Amino acid sequence: MLDIPWLRMDDVRFPAPTTALKEPNGLLAVGGDLSPQRLLQAYAAGIFPWYEAGQPILWWSPDPRMVLRPQDVHIARSLGRFIRSCPYTITMDKAFTEVMQHCASSRMAVSGTWITDEMQQAYTRMHNLGHAHSVEIWHEQSLVGGLYGIALNNIFFGESMFSLAANTSKIAFVCLCRQLESWAFRLVDCQLPTAHLRSLGASEMPRREFLQELQLSAGCPVPARNWVFPDHKPNTLLMRRK
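Here's a quick rundown of the structure. (Residues numbered from 1 in each chain as written. Predicted model: local features only at pLDDT ≥ 70, side-chain atom pairs only at ≥ 80, totals over all residues. Heavy atoms only, no water.)

1. Quick word on the packing of aromatic side chains
A ring pair, where both rings are aromatic, is described by two values, the distance of the centres and the angle of the planes. This structure, assessed with the given rule, holds ten aromatic pairs. These aromatic residues form a ring-pair network of at least three members: Phe156, Trp183, Phe185 and Trp227. (Phe/Tyr/Trp six-rings, centres within 6.5 Å; stacked < 30°, edge-to-face > 60°.)

Below you can see the structure in the form of structure tokens.
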């Protein structure tokens with residue numbers, strides 16, 4: 001039986017991330033809710049929810065942490081060529097709910113999803129409050145890729161991405177990083193390591209360093225409530241620098 005604390009509904013505080021279990025890596029606490037107040041408290045402390053339907057809410061702070069500095073995003077030559085000639089357009093915060101639904105359904109088709117109905121409702125509330133944002137890739141009028149996450153101070157906490165056409169999640173991520181760089185964002189939190197994220201330049205950071213990054217970002221201004229790209233073509237966004 002794992003010895004981890006249960007969170008009270010009337011208290012949004014969390015145990016220190018350094019008390020998280022080593023196995024499973026990063027499991028910190030159980031229970032509570034997905035209220036905006038608790039979610040903001042969690043992300044500010046380097047903690048995120050991750051659980052499946054039928055489970056209590058599980059809260060995690062893994063060590064190490066997969067991260068990327070926006071200016072270090074890696075664009076492979078083949079991806080760069082594809083972006084320069086692709087027919088897609090790109091937007092921000094135009095279809096947040098649809099992006100979450102596609103992220104959930106794409107994972108359900110493979111191995112089940114942690115983006116439960118409860119999670120979708122909670123992050124839609126966060127979006128309506130200006131804390132959660134989405135990037136959308138369109139082919140004509142069809143949504144073919146995207147991602148979503150939480151912005152807090154000058155750190156973007158990526159949650160999930162999806163592709164319904166070649167390279168569309170990569171394009172969304174690359175263009176987001178270009179825009180975050182221009183806004184002087186410090187870090188993109190990718191949470192857990194994957195080969196997909198490594199191919200885009202993400203790497204692992206010890207949790208103690210990640211928590212220091214959070215402290216350094218405290219109080220930094222966040223861009224306007226509704227995010228927009230200055231241009232709707234990925235090929236022009238690809239070339240943008242701060």
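So, next bit.
2. Let's talk about the pattern of salt bridges
Any two side chains of opposite charge can pair, given that their charged atoms come close. Counted under the stated rule, the structure contains eight salt bridges. Put simply, Arg69 and Glu213 hold a salt bridge, and the shortest N to O gap is 2.6 Å. Placement of the pair is Arg69 in the loop between strand E5 (65-68) and helix H2 (77-85) and Glu213 in helix H7 (residues 207-217), with a sequence separation of 144 residues. The closest approach of N and O atoms between Glu213 and Arg186, which form a salt bridge, is 2.4 Å. Here the residue Glu213 occupies a position in helix H7, and Arg186 occupies one in the loop between helix H5 (168-182) and strand E10 (187-191), the gap between them amounting to 27 residues. Given a relative accessible area of 29%, Arg186 falls into the partly exposed group. (Salt bridge = Lys/Arg side-chain N within 4 Å of Asp/Glu carboxyl O. Helix = DSSP H or I, 4+ residues; strand = E, 2+ residues; numbered from the N terminus. Buried < 20%, exposed > 50% of the residue type's maximum accessible area, 1.4 Å probe, protein only.)

3. As for the sheet that holds strand E6 (residues 89-92)
Strand order in the open sheet formed by seven strands is E6-E7-E8-E9-E10-E5-E11, with mixed pairing between adjacent strands. Edge positions in the sheet fall to E6 and strand E11 (203-205), since each has one partner strand and no second. Direction aside, neighbouring strands of the sheet carry axes that sit 35° apart on average. With three bridges joining them, strand E9 (residues 155-163) and E10 adopt parallel strand pairing. The residue bridging Phe157 from the neighbouring strand is Asp189, located in E10. Lying over the sheet, helix H1 (residues 36-44) contacts strand E8 (142-152), E9 and E10, oriented at roughly 75° with respect to E8. (Pairing = 2+ DSSP bridges. Axes fitted to C-alpha atoms, helices over the stretch in contact; angles between N-to-C directions. Contact = heavy atoms within 4.5 Å.)

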